[in-house]
Amino acid sequence: MQIGNGEYLIISTCIKGPYQSSNIIRLIQEIKAMDATIGCLNVLNVNPKMVNYNLVWEGIEGFSTPFSNDLLNQFVLSSLEISFNNDIPARLQVMFLDELSYEVSLIFNYSQLFEEKNNIQERREYLEFIEKIAIVCFDILHPLYGTYGVERSVEGLRYLIDNAPGLPCDKVFYNKILINKSVTLLGLINNANYSIENGVGVYFRNTELDNFQLVENEEHKVRLNELIESL
């Protein structure tokens, strides 16, 4: 069930702390309902109510165990091996980005799933399925923002605040908390080639499903810096 080496296709979410296990447990239950097999669970040996960025990066011992919801109420998720349809291996992973935020990501091996497959229809079906999973992740995890792409993941809130690098504007999810504060972002969503709204926010893209050469307008990214004060 290991995802192996290569380029990775990543669903990445930036979540404002403190760490909460409840939405992660909900996500795993939803994933299980999508014909997924749950494999080895790796956890950090610390209570979810006690964990923070400094504690993690100073070093916390972890251990591997068969999966159970009870363990995720007692310890902090590090990673979880998953297989969709007995054919698509993935890894659910938590990273503490800074003292303000953490990342929950779902990682697939892009090289094995897509670059090595010649059947165009099969590739498209896989990509439709994984984008559907991305939308489920954004819906359940309630991130401030999330990204979907090859070798692509979110930045932590501290980095965004300190460096104002601009925010992504293709194959990206934004929480309504941010959408409601930005005319620029609302315009990007309204003009996107594809968008889908849920109760939490909106995922949108300008590139086609199978194109990961993203359309990232630098002017728009800089304008989205106006959101950083809200993060």
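About the cut-offs
- Residues numbered from 1 in each chain as written.
- Predicted model: local features only at pLDDT ≥ 70, side-chain atom pairs only at ≥ 80, totals over all residues.
- Heavy atoms only, no water.
- Buried < 20%, exposed > 50% of the residue type's maximum accessible area, 1.4 Å probe, protein only.
- Helix = DSSP H or I, 4+ residues; strand = E, 2+ residues; numbered from the N terminus.
- Arc of directions from axis to C-beta.
- Contact = heavy atoms within 4.5 Å.
- Core = buried A, V, L, I, M, F, W, Y, C linked by side-chain atoms within 4.5 Å.
- Axes fitted to C-alpha atoms, helices over the stretch in contact; angles between N-to-C directions.
- Parallel < 35°, antiparallel > 145°, perpendicular 65-115°, else oblique.
- Left-handed = near helix turned anticlockwise from the far one by under 90°.
- Nonpolar A, V, L, I, M, F, W, Y, C, P; charged D, E, K, R; others polar.
- Pairing = 2+ DSSP bridges.
- Phe/Tyr/Trp six-rings, centres within 6.5 Å; stacked < 30°, edge-to-face > 60°.

Caption draft 1: Region of the structure containing helix H8 (residues 183–190). Every buried residue of H8 is accounted for by Thr184, Leu185, Leu188 and Ile189. Buried residues of H8, seen end-on, are gathered within an arc of 135 degrees and therefore sit on one face of the element. Set apart from the buried face of H8 by more than 90 degrees, the exposed residues are Val183 and Asn190. Along its buried surface, H8 packs onto strand E8 (172–175), helix H7 (176–179), strand E9 (194–197), strand E10 (201–205) and helix H9 (218–223).

Caption draft 2: Here's a closer look at the nonpolar core. Core analysis: the largest hydrophobic core is formed by 56 residues, its most contacted members being Ile11, Phe84, Leu92, Leu106 and Phe108. A per-element tally of this core places helix H5 (residues 120–141) first, with twelve residues. The contact partners of Ile11, leaving out residues within four places of it in the chain, are Val104, Ser105, Leu106, Phe108, Ile130, Ile133, Ala134, Cys137, Phe138, Thr147 and Tyr148. Ranked by size, the runner-up nonpolar core spans 21 residues in total, among them Tyr145, Leu167, Tyr174 and Leu227.

Caption draft 3: Structural context of the packing of helix H1 (residues 22–32) against H5. Running from amino to carboxyl end, H1 crosses H5 at an angle of 150 degrees, the nearest separation of the two axes being 9 Å. In terms of axis orientation, H1 runs roughly antiparallel to H5. Between H1 and H5 lies a crossing of right-handed hand. Here H1 contributes Asn23, Ile24, Arg26, Leu27 and Glu30 to the contact with H5, which in turn contributes Val136, Cys137, Ile140 and Leu141. Tallied by class, residues from the contact of H1 with H5 come to six nonpolar, one polar and two charged.

Caption draft 4: Summary view of the pairing of strand E2 (residues 36–44). Examined bridge by bridge, E2 and strand E4 (residues 76–84) share seven bridges and lie antiparallel to one another. Note that in E4 the partner of Asn42 across the bridge is Ser79. The pairing of E2 with strand E3 (residues 62–66) spans five bridges and is antiparallel. Note that in E3 the partner of Cys40 across the bridge is Pro66.

Caption draft 5: The packing of aromatic side chains, seen in detail. The final tally for this structure, using the stated rule, is 14 aromatic pairs. An angle of 55 degrees between the planes, with centres 5.3 Å apart, marks the rings of Tyr19 and Tyr102 as tilted. Here Tyr19 is found in the loop between strand E1 (8–16) and H1, whereas its partner Tyr102 is found in strand E6 (residues 101–109), with 83 residues between them in sequence. Assigned by exposure class, Tyr19 and Tyr102 land together as buried. On the basis of an interplanar angle of 85 degrees and a centroid distance of 5.2 Å, the ring pair of Phe63 and Phe75 is categorised as edge-to-face.

None of the figures reported here should be taken as evidence of function without further support.
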